[in-house]
Amino acid sequence: MTSTTTQSLVDGITSWMQCESPTSSPEGLARMVAVIQSYALEAGLQATETSFGPNVGPLLHISNRADGDERPGLLILGHSDTVHPIGTLQDNPCRIEGDRLYGPGGYDMKAGIYLALTALRDLAGTATTALPVDFVIVPDEETGSHASRPHIEAFAACARYTLVCEPARANGGKCVTARKGTGMLRLSVKGRAAHAGVQHEKGRSAIREMAHQILALEAMTDYARGVTVSVGTIEGGTATNTVPALCRCVVDFRLPDLRAADELVDKMQALKPLGPDMELDIDVEVNRPPMIKSDAVVALLARAQDSARHAGFTLEDAPMTGGGSDANFTSALGVPTLDGLGADGDGAHTLQEHILVSTLEARLNFWRHLLTHLG
Ligand SMILES: [Zn+2]
């Protein structure tokens, strides 16, 4: 038997998943944001959009602040974008199989937003939240939150806590208290083109040089310390019979703490060409600083665990994850941040993405309790 609460959560989340909103579709994101906005407005919450121009979706700020209430509040973060291109629904429609509700972008993270916002709506008419709530939903998290980051940081600067609706970890619904920092290196190698048959000796192969650089980069991985370096994409050369003059690669790296970040960035910037007449262009940046489990985070976790107990489940935190999120930004500003408070399920970023229907009602009750008590 499905309770009426669970059924209405399933219906609401399904209708949100049916509104496709990949990061690359400003139109889809505008439609999604309009749906979320009206869901907030009809309960008497404030909900205002900020435009980032024609190429990015809009940011949505929902709040229950009374006029003139300037207290440091509770920042809730979500993202309206998904990794699934428009049309994914055709071959992968929203559907229930057993306890699983499948659909693109549900687990990551429309269901998480739906749960937190429904709790906030339920409290809008009857009770008040312990802190004024600013619920910020960004359109570009899956590509690094480049447009949203200054807004996230401005809200975090006047927040007492941040809660993030990213999915709960698979197999146990654990939340997230620590995330590695993430970075990106763009490396290009410039050599010299030559006819591969006629003047081979005059060529300087950028691909050959890059092969050496890749081995040096991948050797910077240190599992014991939690440092990983992965060359994700590579392109180079123009024709089979030309010694290649150019090669480029883009490298993903992850770091457990700021010291490791400094050391790794120094190593990358110190890369030198091995072959003669070669030039390296090195562009390296840490996009998201590491999210650290501080004492204040441990205290915040205890509050969330109490709310979970009231809602009938046990909430544990997962070991440090390699995936970054917007929690990295707020945490770096010293705001106690708890992440992975969204829906329970599995399969993020795949067509097997699903949420567990039987966990929805308890997670809604968890948010209600937390919003009421976290002061
Ligand atoms: Zn996400």
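Just so it is clear, the structure is predicted and the values come from calculations on it, not from any experiment.

Analysis parameters
Residues numbered from 1 in each chain as written. Predicted model: local features only at pLDDT ≥ 70, side-chain atom pairs only at ≥ 80, totals over all residues. Heavy atoms only, no water. Domains from an automatic or database assignment. Contact = heavy atoms within 4.5 Å. Buried area = accessible area lost by both parts, 1.4 Å probe. Salt bridge = Lys/Arg side-chain N within 4 Å of Asp/Glu carboxyl O. Polar contact = N/O pair within 3.5 Å; in protein donor to acceptor, adjacent residues only side chain to side chain. Helix = DSSP H or I, 4+ residues; strand = E, 2+ residues; numbered from the N terminus. Buried < 20%, exposed > 50% of the residue type's maximum accessible area, 1.4 Å probe, protein only. Pairing = 2+ DSSP bridges.

S.K.: I'd like a description of the domain arrangement of the protein, backed by residues and values.
M.R.: Taken domain by domain, the protein comprises domain 1 (4–179 + 291–373) and domain 2 (181–288). The centre of domain 1, based on its C-alpha atoms, is set 37 Å off from the matching centre of domain 2. Counting residues at the interface gives 14 residues for domain 1 and 6 residues for domain 2. Across the domain 1 to domain 2 interface the summed buried area is about 660 Å²; carbon plus sulfur atoms make up 48%. Where Asp-326 meets Arg-288, a salt bridge forms, and the shortest distance between an N and an O atom there is 3.5 Å. Scanning the region where domain 1 abuts domain 2 turns up 6 residue pairs in polar contact (both at pLDDT 80 or more).

S.K.: Lay out the pattern of salt bridges in plain terms, naming residues and giving numbers.
M.R.: Pairs may arise between side chains of opposite charge once their charged atoms sit close together. By the definition in use, this model includes 17 salt bridges. Here Asp-277 ties to Arg-204 by a salt bridge, and the two come within 2.7 Å at their closest N and O atoms. Here Asp-277 is found in the loop between α7 (258–269) and β14 (279–288), whereas its partner Arg-204 is found in the loop between β10 (194–195) and α6 (206–218), with 73 residues between them in sequence. Overall, Asp-277 belongs to the partly exposed group, its relative accessible area being 46%.

S.K.: Report on unusual backbone geometry, specifying residues and quantitative values.
M.R.: In this structure, Met-109 follows Asp-108 across a cis peptide bond, with omega equal to -10°. Relative to the elements of secondary structure, Met-109 occurs in helix α4 (residues 106–126). At Asp-277, a position not held by glycine, the phi torsion is positive, near 60°.

S.K.: Describe the environment of His-146, naming the residues involved and giving the relevant values.
M.R.: For His-146, the location among the structural elements is in the loop between β6 (133–138) and α5 (149–157). Sequence separation between His-146 and Tyr-114 is 32 residues; the distance between their C-alpha atoms is 24 Å. Among the polar contacts listed, one links the side chain of His-146 to the backbone oxygen of Thr-143, at a separation of 3.4 Å.

S.K.: Could you give me a rundown of the sheet that holds strand β17 (residues 345–346), with the residues and numbers involved?
M.R.: Spatially, the 4 strands line up as an open sheet ordered β4-β5-β18-β17, and their pairing is antiparallel. What marks the edges here is a single partner per strand, and that holds for β4 (95–97) and β17. As paired strands, β17 and strand β18 (residues 354–356) are joined by 2 bridges and run antiparallel to one another. When the bridges of β18 are listed, Asp-346 appears paired with His-354.

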